Amino acid sequence: MMRKLALLLAGLTLLAAAPAVAQAPGPQPMLTISGLVKQPLRLDAGQLARLASMTLKLNDINSRGDFRGVFWLRGVPLRSLLELAVADKEAGGFNKLTDLAILVRSRDGRQVALSWGEVFHRNPADVIIALDSAPVMPRKSCQACHQPEVFQPWMDQLTRKVGLPKLAVAGDFFSDRSLEGVNHIEVVWPVPAQWGPKQDKLYAPSLRVELPGHSPQEYKSLPALPQQQVQALQVGEGKGFHGNHRLEGVALRDLLRQQKIKADLNSVFVISAPDGYQSLASYGELFLRPAGARIILADRKDGKPIEAGGRFELVFPDDLWADRWVKAVSRVQAVSLAPKARLFVIGMGCGDTSLLSLQALSYLAQAQVLVAPRDIQKRFAFYLHDKQVLFDPMTVGRKPFTPLGTHKKVADRKRLHQAQAAAAERIKKVLAGGRSVAVLDWGDPMVYGSWRWLADFVPKDQLTIVPGMSAFNAGSAALRRDITCQGAVAISDPFTLMKDPELAKQLAAKNATLVVFMGLPKLDQVLAVIKQAYPPQTPAAVVYRAGYAQAERVVSAPLKDLRAELAKVKEDWLGVIFVGPCLR
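Here the structure is a predicted model, which is why all the values come from computation and not from measurement.

Caption draft 1: Molecular detail of the overall build of the protein chain. Within the protein chain, the regular secondary structure consists of 16 helices and 30 strands. Taken over the C-alpha atoms alone, the protein chain extends approximately 90 × 70 × 55 Å along its principal axes. Counting all 584 residues of the protein chain, 51% fall into the buried class. Sequence separation of at least 24 residues holds for 71% of the intrachain contacts in the protein chain that already meet a minimum separation of 6. Total accessible area on the protein chain stands at roughly 27700 Å², and carbon and sulfur atoms take up 53% of it. Distance from the positive charge centre (74 side chains) to the negative charge centre (53 side chains) of the protein chain: 3 Å.

Have a look at this one:
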């Protein structure tokens, strides 16, 4: 842990001390890192460029045979970025990181999975996030061996624009996982584990293999597959060097192929022992890396059958640490982490862009299509980049300040419902096409959110709500008063108060702090109700433009004088009303 903290401090110091890098005008590529990390990161191209870089050569040829060029790529090791983010399993239980997966996503919605081990237990230069590329041009003409219609498309690939940032995995034989246009990295725990029952001698009598769409297979001995023999140095992070061993068995990927495992760059394989020790391998490192053939389930060690620690041992002979080795393997479980189209409702905060949460940025990175008001599109353009905006929700649904019964005519209500239904269908069509949609809302979407009309057309279990900073929170901070000093706080809209004046009287009787959203357009009616409930000398205030550092303003006065003070301010919408003895 001390080593990780030192790396974190060193990296942050580097970011702070490095000279400014000239950047092209317009939105810059943004990379976010989230998930099981203590320090979520949001880095733009300039900040990434200031980190220590490495260079590798990539033959960009995928498993379908498509030639995409040969390039020198320079960038930041993925390991360095994750060390800055400091991965941690806060849930407890099995606390080693050997069974974590790393999901890397691109701006167009593609995703690939890597194992923690292939990033952290190998050399850092094997996996980088590339920021610059340069083609490797052939020195001789190809005309002697191929006609122009053959070699010219290959030459065209060398001059194409590479989508940066780019994930480059040097050890893969095919470049299927070398993803372009990377914008999000997430650390996940596919199968959270707990320590199993303590055994006097760790032992597993058999191995169970579980693959999606297949019946589980039980092995008491290894099947008749090609035998593999590896020489491995056992060096653990904890106990150091523990010998030079010769192990014999079958390749894990051969065992999986025998069961007809489907190709899936988002599949991972969790390997566990009876005591809860777990390890993880990715589909890519097993099936795309030539070294994947050397990851074996061994049943013999140093010329003798493995008996003391169970029938089988999983061995990663090319890892620089042996912590992914698993003794007494009892289970191999395949898990697909393939992305699914999802609908997010994201709170963008109540004011300055600095109030945007890291969680909001994380979900923004996962969405390919946005539903966003023009104001949010403009102010948050730096974070939205070139994502498609489907429509502005404020042109469709009920605005947050409009009561449900405003449209009294049946025809008006029918037209409104039809417009909302049509807008919801547009969102559903995008989701059905496999792309995720993010609906962007002001403040906290669960506090008088402008998106609420959509809930009438979309099942709640399809929604992921991402909280944001509410004007209630920012306004309370601006007042610099403990508005909970009497214990009770009530948030209301003006229409509820005007419809039920007794509610305000009940709150006043308990000395509760009353907070009114959207009250300025109905200010006189709202204050009339409040004055009937709270004593004239009760402290009251309006926080204008809560959360906007340069425009935020607090107007305070006894309740009886508040209206006269507010008349001096030219603002009839962005303000939150606070009333109660706690403001004294």
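Caption draft 2: Structural view of the packing of aromatic side chains. Taken as a whole, this structure holds 8 aromatic pairs when the rule is applied. With a centroid separation of 6.4 Å and 50° between ring planes, the pair formed by Phe380 and Tyr383 is classed as tilted. On the accessibility criterion, Tyr383 (14% relative accessible area) is buried. Site record: aromatic cluster; members linked through ring pairs are Phe380, Phe382 and Tyr383. Above the plane of the ring of Phe316 lies Arg324, whose end atom (NZ or CZ) is 3.9 Å from the centre. Directly above the aromatic system of Tyr548 lies the positively charged group of Arg545, at a separation of 5.9 Å from the ring centroid.

Caption draft 3: The arrangement of helix 3 (residues 78-85) in detail. Of all 8 residues in helix 3, 7 are buried; the element is thus mostly enclosed. If you check which residues of helix 3 are buried, you get Leu78, Arg79, Leu81, Leu82, Glu83, Leu84 and Ala85. At the exit of helix 3 stands Val86, carrying a positive phi of roughly 60°.

Caption draft 4: Inspection of the packing of helix 14 (residues 501-509) against helix 15 (residues 523-533) at higher detail. It is at 8 Å that the axes of helix 14 and helix 15 come closest, and there the two elements cross at 45°. Between helix 14 and helix 15, the interaxial angle falls into the category oblique. Remark: the crossing between helix 14 and helix 15 carries right-handed chirality. Packed against helix 14, whose contacting residues are Pro501, Ala504, Lys505 and Ala508, the element helix 15 presents Val529, Gln532 and Ala533 at the interface. The class makeup of the residues in the contact of helix 14 with helix 15 is 5 nonpolar, 1 polar and 1 charged.

Caption draft 5: Main features of the state of the cysteines. Evaluated as defined, the whole model comprises 1 disulfide. The disulfide bridge from Cys485 ends at Cys582, spanning 2.0 Å between sulfur atoms. Looking along the S-S bond of the Cys485-Cys582 disulfide, the torsion reads about -105°, which is the left-handed sense. Within this pair, whereas Cys485 is found in the loop between helix 12 (471-479) and strand 26 (489-492), its partner Cys582 is found in the segment after strand 30 (575-579), the two being separated by 97 residues in sequence. The class of Cys485 is partly exposed, set by a relative accessible area of 42%.

Caption draft 6: Spatial organisation of the sheet that holds strand 27 (residues 513-516). Pairing is mixed across the open sheet formed by 5 strands, whose spatial order is 26-27-30-28-29. Two strands lie at the open edges of the sheet, namely strand 26 and strand 29 (553-558), each paired on one side alone. Taken over all neighbouring pairs, the strand axes of this sheet differ in orientation by 15° on average, direction set aside. Two strands pair when backbone bridges link them, and strand 27 and strand 30 are joined in this way by 3 bridges, in the antiparallel orientation. In the strand pairing of strand 30, Val516 is matched with Ile577. The strands touched by helix 16 (residues 559-566) within the sheet are strand 28 (539-544) and strand 29, with strand 29 carrying the most contacts at an inclination of about 140°.

Caption draft 7: Expanded view of the environment of Ala546. Looking at where Ala546 falls in the secondary structure, it is placed in the loop between strand 28 and strand 29. Classification of Ala546 by relative accessible area gives buried; the value is 6%. Taking the C-alpha atoms as reference, Ala546 lies 49 Å from Ser175; in sequence the two are 371 residues apart. If sequence neighbours within four positions are ignored, Ala546 has contacts with Cys350, Gly351, Ala471, Ala474, Gly475 and Glu552.

Caption draft 8: The arrangement of the nonpolar core in detail. Core analysis: the biggest nonpolar cluster contains 39 residues, and Leu207, Leu256, Phe269, Leu314 and Val329 have the highest contact counts within it. Excluding residues that lie within four positions of it along the chain, Leu207 makes contacts with Gln217, Glu218, Tyr219, Leu255, Leu297, Phe312, Val329, Ser330, Arg331 and Val332. Grouped together as the second largest cluster of nonpolar side chains are 33 residues, Ile33, Leu78, Val112 and Val127 included.

Caption draft 9: Focus on the pairing of strand 21 (residues 343-347). Of all 5 residues in strand 21, 5 are buried; the element is thus mostly enclosed. The alternating pattern of strand 21 places Leu343, Val345 and Gly347 and Phe344 and Ile346 on opposite faces, both of which are buried. In terms of strand pairing, strand 21 meets strand 24 (residues 437-441) through 5 bridges, oriented parallel. The residue bridging Val345 from the neighbouring strand is Val439, located in strand 24. For strand 21 and strand 25 (residues 463-466), the ladder comprises 4 bridges, and the chain directions are parallel.

Caption draft 10: Inspection of the sheet that holds strand 15 (residues 278-282) at higher detail. In space, the 5 strands of this open sheet follow the order 11-10-20-14-15, with mixed pairing throughout. Only two strands of the sheet have a single partner each, and these edge strands are strand 11 (217-219) and strand 15. Here the strands of the sheet are splayed against their neighbours by 20° on average, with no regard to which way each runs. Where strand 14 (residues 267-272) lies against strand 15, 5 bridges are found, and the strand directions are antiparallel. Counterpart to Ile271 in the pairing with strand 15 is Ser279.

Caption draft 11: View of the environment of Leu36. By the element assignment, Leu36 lies in the loop between strand 1 (30-35) and strand 2 (41-44). Distance in space between the C-alpha atoms of Leu36 and Val188 is 6.1 Å, their sequence separation being 152 residues. Filtering out sequence-adjacent residues up to four positions away, Leu36 remains in contact with Val86, Ala87, Asp88, Leu100, Val187, Val188 and Trp189.

Caption draft 12: View of the side chain of Gln278. Within the secondary structure layout, Gln278 lies in strand 15. In contact with Gln278, not counting residues within four places along its chain, are Phe94, Thr98, Asp99, Trp189, Val191, Ala193, Val270, Ile271 and Ser272.

Caption draft 13: Expanded view of the pattern of salt bridges. Counting across every chain of the model gives 34 salt bridges. Each of the salt bridges in this network shares a partner with another, and the network as a whole consists of Asp60, Arg160, Lys166 and Glu180.

What counts and what doesn't
- Residues numbered from 1 in each chain as written.
- Predicted model: local features only at pLDDT ≥ 70, side-chain atom pairs only at ≥ 80, totals over all residues.
- Heavy atoms only, no water.
- Helix = DSSP H or I, 4+ residues; strand = E, 2+ residues; numbered from the N terminus.
- Buried < 20%, exposed > 50% of the residue type's maximum accessible area, 1.4 Å probe, protein only.
- Contact = heavy atoms within 4.5 Å.
- Areas by Shrake-Rupley, 256 points an atom, 1.4 Å probe, with all protein chains shown as cover.
- Lys, Arg positive; Asp, Glu negative; His and termini not counted.
- Charge placed at Lys NZ, Arg CZ, Asp CG, Glu CD.
- Phe/Tyr/Trp six-rings, centres within 6.5 Å; stacked < 30°, edge-to-face > 60°.
- Lys NZ or Arg CZ within 6 Å of the ring centre and 35° of its normal.
- Axes fitted to C-alpha atoms, helices over the stretch in contact; angles between N-to-C directions.
- Parallel < 35°, antiparallel > 145°, perpendicular 65-115°, else oblique.
- Left-handed = near helix turned anticlockwise from the far one by under 90°.
- Nonpolar A, V, L, I, M, F, W, Y, C, P; charged D, E, K, R; others polar.
- Disulfide = S-S within 2.5 Å.
- Pairing = 2+ DSSP bridges.
- Core = buried A, V, L, I, M, F, W, Y, C linked by side-chain atoms within 4.5 Å.
- Salt bridge = Lys/Arg side-chain N within 4 Å of Asp/Glu carboxyl O.

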